[in-house]
Amino acid sequence: MTEFYAEHVHNHIHADPEQTLQKYRRRITSELTKFGIAVEQLRDKTILDIGSGWQAIVFQELGCRQIYHLDINPKHVDFLNAYLAEHGIRNITSEQADISRSLGSAHDIDLAFVAGVYHHLADREGFLAQLLPNMAKDSDILFRVYRAGTWSRWLVGMLRTASIGRLTPAQLLGAYRLLHPYGLDNQFVGDLIDDLLTPQWQAFRPQQFIVDAERLQLQCQQCPAPAFDFDFSDRDENFRVKWHIDDPGAINLATQPMATGQAHVENTGTAPQITDLADKLTELLASLSNYPNRDAATILVALYFLVRKHHGVDAYRGQIADASANPELADWRIAQLQASLTYFRDWLSR
Ligand SMILES: C[S@@+](CC[C@H](N)C(=O)[O-])C[C@H]1O[C@@H](n2cnc3c(N)ncnc32)[C@H](O)[C@@H]1O
């Protein structure tokens with residue numbers, strides 16, 4: 001995990017710095033808007049950001065008073081510190097830390113922006129034990145987390161069983177270039193490597209964050225979102241919750257196991273209507289251990305085209321280029337996966 005993101009994921013996704021900054025500006029504005037937080041409310045606040053460092057830059061641009069940035073990967077910290085020196089920025093502190101063990105010098109945090117991180121932590125209780133005492137009175141933690149029961153999270157959870165501990169980024173990239181020799185979709189490739197190879201990967205349900213907030217006696221605000229166990233149509237693959245902390249001194253973490261903590265096991269689960277398909281997929285993925293890495297990588301990347309959109313050809317949404325998405329999306333996806341499995345099973349059995 002220490003090196004994975006900077007070297008194999010963010011080098012693709014963040015290939016163009018100006019585009020990247022624009023993307024993070026849009027993302028943060030949109031996340032804040034979803035919770036009704038106005039930028040003006042952040043002006044005198046202390047923010048905690050974890051990750052690539054771009055979010056910290058945007059919070060600084062928005063006029064926040066102090067920003068603490070942490071990442072386990074020294075490359076992200078080095079990148080941000082170089083950016084701060086170049087732009088003469090003094091109110092961001094960037095430090096390397098495993099957030100499950102330490103928050104570095106971060107303290108009195110008004111807003112912790114925990115986007116795209118919680119589901120990658122092996123020790124989530126450890127992180128909360130560090131975070132909660134360092135929150136200020138009357139503060140917020142904003143989580144953006146992988147949503148279990150959506151199409152992409154379900155399929156990725158399955159595909160990972162054949163990629164983790166076996167394939168390398170170079171093998172996935174080689175297969176991608178074979179299947180798509182027309183140019184590189186950087187976001188797609190970064191997501192492909194992230195999804196299939198990141199060592200820690202969990203998908204959660206909003207209810208688990210509500211239960212944990214109740215146990216910790218915190219207020220929990222969920223962004224308006226439909227309730228479902230499984231929905232394979234065009235649902236957002238992330239969900240958001242905000243925990244509000246009146247008084248960090250009053251929180252007792254040790255009381256009960258966390259619903260989102262280390263005891264949490266669901267990574268896939270299967271929708272009742274596709275148990276046969278899930279069984280077939282499980283069988284195909286298990287059988288890949290009998291074939292060379294090159295074959296496994298080719299089949300996994302081919303199936304990954306059903307996980308998310310790609311410039312130009314978009315199997316994920318059943319559409320070509322800018323045509324409108326397939327109206328029966330869930331059915332289309334299931335039928336497409338079914339057809340792919342039959343094809344690959346026949347191919348491998350010859
Ligand atoms: C999906 S990435 C990016 C998340 C964030 N939304 C961003 O774009 O900046 C997850 C990040 O979490 C970092 N990370 C993972 N585990 C960590 C840990 N235990 N302590 C600190 N950082 C961690 C990774 O190095 C990576 O930069």
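Keep in mind that this is a model prediction, so the values were computed, not measured. (Residues numbered from 1 in each chain as written. Predicted model: local features only at pLDDT ≥ 70, side-chain atom pairs only at ≥ 80, totals over all residues. Heavy atoms only, no water.)

Undergrad: Looking at this structure, I do not really get the packing of aromatic side chains. What am I missing?
TA: Remark: the centre distance and the inter-plane angle together describe each pair of aromatic rings, the angle taken between the planes. One pass over the structure, following the stated rule, counts 23 aromatic pairs. Their ring planes at 35 degrees and their centres at 5.3 Å tell us that W154 and F232 sit as a pair that is tilted. Placement of the pair is W154 in helix α6 (residues 151–163) and F232 in the loop between β6 (219–222) and β7 (238–245), with a sequence separation of 78 residues. As far as the burial class goes, W154 and F232 line up, both buried. When the ring of F230 is compared with that of F232, the centres are 6.1 Å apart and the planes differ by 80 degrees; the resulting orientation is edge-to-face. Overall, F232 belongs to the buried group, its relative accessible area being 4%. What links up through ring pairs into an aromatic cluster is the set Y118, F127, F143, F204, F209, F239 and W243. (Phe/Tyr/Trp six-rings, centres within 6.5 Å; stacked < 30°, edge-to-face > 60°. Helix = DSSP H or I, 4+ residues; strand = E, 2+ residues; numbered from the N terminus. Buried < 20%, exposed > 50% of the residue type's maximum accessible area, 1.4 Å probe, protein only.)

Undergrad: How should I be thinking about the pattern of salt bridges in this particular structure?
TA: Pairing between side chains of opposite charge can happen when their charged atoms approach one another. Under the definition given, this model contains 13 salt bridges. Here R308 ties to E237 by a salt bridge, and the two come within 3.0 Å at their closest N and O atoms. Placement of the pair is R308 in the loop between α11 (293–304) and β8 (313–314) and E237 in the loop between β6 and β7, with a sequence separation of 71 residues. Side by side, R308 and E237 carry an identical accessibility label, which is buried. For R294, the salt bridge identified is with D295, shortest N-O distance 3.3 Å. Among the charged side chains, a salt-bridge network with shared partners connects E31, R144, D236 and R240. (Salt bridge = Lys/Arg side-chain N within 4 Å of Asp/Glu carboxyl O.)

Undergrad: Honestly, the UniProt feature "domain: Methyltransferase type" (unreviewed entry) in the protein chain in this entry has me stumped. Any pointers?
TA: UniProt feature "domain: Methyltransferase type" (unreviewed entry): in the numbering of this structure it lies at residues 48–130. Here residues 48–130 runs as 35% helix and 25% strand, with 12 Å between its end C-alpha atoms. (UniProt positions renumbered as here; feature names shortened; annotations may be inferred.)

Undergrad: Help me out: how do you make sense of the sheet that holds strand β1 (residues 46–50) in this one?
TA: Sheets are built from strands that pair by backbone hydrogen bonding, the pairs being arranged parallel or antiparallel. Spatial strand order, β3-β2-β1-β4-β5-β7-β6: 7 strands in an open sheet with mixed pairing. In this open sheet, the two strands that pair with only one neighbour each are β3 (92–96) and β6. Across the sheet, the axes of successive neighbouring strands diverge by a mean angle of 15 degrees, strand direction being ignored. The sheet strands contacting helix α2 (residues 17–34) are β4 (109–115), β5 (135–146) and β7, and the helix crosses β4 at an angle near 115 degrees. (Pairing = 2+ DSSP bridges. Axes fitted to C-alpha atoms, helices over the stretch in contact; angles between N-to-C directions. Contact = heavy atoms within 4.5 Å.)

Undergrad: Where do I start with the site of the ligand in this structure?
TA: Around the ligand, a shell composed of 20 residues is seen, among which Y24, S52, D71, D98 and A115 lie nearest. With respect to the ligand, the side chain of Y24 contributes an N or O atom lying 2.5 Å from an oxygen atom. Residue H76 places a side-chain N or O atom 3.4 Å away from an oxygen atom belonging to the ligand. Considering the ligand on its own, with 590 Å² of exposed area, one finds that the protein chains cover 94% of that surface. Within the residue set of the shell around the ligand, elements represented by two or more residues are α1 (4–13) and α2. (Near = heavy atom within 4 Å. Polar contact = N/O pair within 3.5 Å; in protein donor to acceptor, adjacent residues only side chain to side chain. Areas by Shrake-Rupley, 256 points an atom, 1.4 Å probe, with all protein chains shown as cover.)

Undergrad: I'm lost on helix α3 (residues 54–61) in this one. Help?
TA: An α-helix turns once per 3.6 residues; consequently, residues spaced three or four apart project the same way. Burial runs high along α3: 6 of the 8 residues are buried. Among the residues of α3, those classed as buried are W54, Q55, A56, I57, V58 and F59. Packing partners of the buried residues in α3 comprise α2, β1, β2 (66–71), α4 (74–87), β3 and β4. At the exit of α3 stands G63, carrying a positive phi of roughly 95 degrees.

Undergrad: Honestly, the packing of helix α7 (residues 169–179) against α11 in this entry has me stumped. Any pointers?
TA: To describe two helices that pack against each other, one gives the angle between their axes and the distance between the axes. One can describe the packing of α7 onto α11 by two numbers: an axis separation of 8 Å at closest approach and a directional angle of 60 degrees. As summarised for this structure, α7 and α11 are arranged oblique, according to the angle between their axes. α7 and α11 meet at a crossing whose hand is right-handed. Facing α7, whose interface residues are Q171, L172, A175, Y176, L178 and L179, α11 presents N293, A297, T298, V301 and A302. Partitioning the contact of α7 with α11 into residue classes produces 8 nonpolar, 3 polar and no charged. (Parallel < 35°, antiparallel > 145°, perpendicular 65-115°, else oblique. Left-handed = near helix turned anticlockwise from the far one by under 90°. Nonpolar A, V, L, I, M, F, W, Y, C, P; charged D, E, K, R; others polar.)

Undergrad: What should I look at first to understand the state of the cysteines in this one?
TA: Among covalent bonds in proteins, the disulfide is the one between the sulfur atoms of two cysteines. Evaluation of the coordinates by the stated rule reveals 0 disulfides. The closest cysteine sulfur to the non-disulfide-bonded C64 is located on C223, 18 Å from its own sulfur. Take C64: its relative accessible area is 3%, and that puts it in the buried class. Of the cysteine sulfurs around C223, a residue in no disulfide, the closest is that of C220, at 10 Å. (Disulfide = S-S within 2.5 Å.)

Undergrad: What is the right way to read the layout of surface pockets from this model?
TA: Gaps left between atoms are located by rolling a probe of water-molecule size over the structure's atoms. One number sums up the size of the second largest pocket: a volume of about 340 Å³. Around the second largest pocket, the lining is made up of 18 residues, and of these R147, Q222, A225, P226 and F239 lie nearest the centre. Elements represented by at least two residues in the lining of the second largest pocket include exactly α9 (206–215) and β7. The residue inventory of the lining of the second largest pocket, partitioned by class, reads 9 nonpolar, 3 polar and 6 charged. (1 Å grid on protein atoms, 1.4 Å probe; cavity = no way out; pocket = protein on both sides within 12 Å on 5 of 7 lines; lining within 4 Å. Points joined across faces, edges and corners; volume = space filled by probe spheres on them.)

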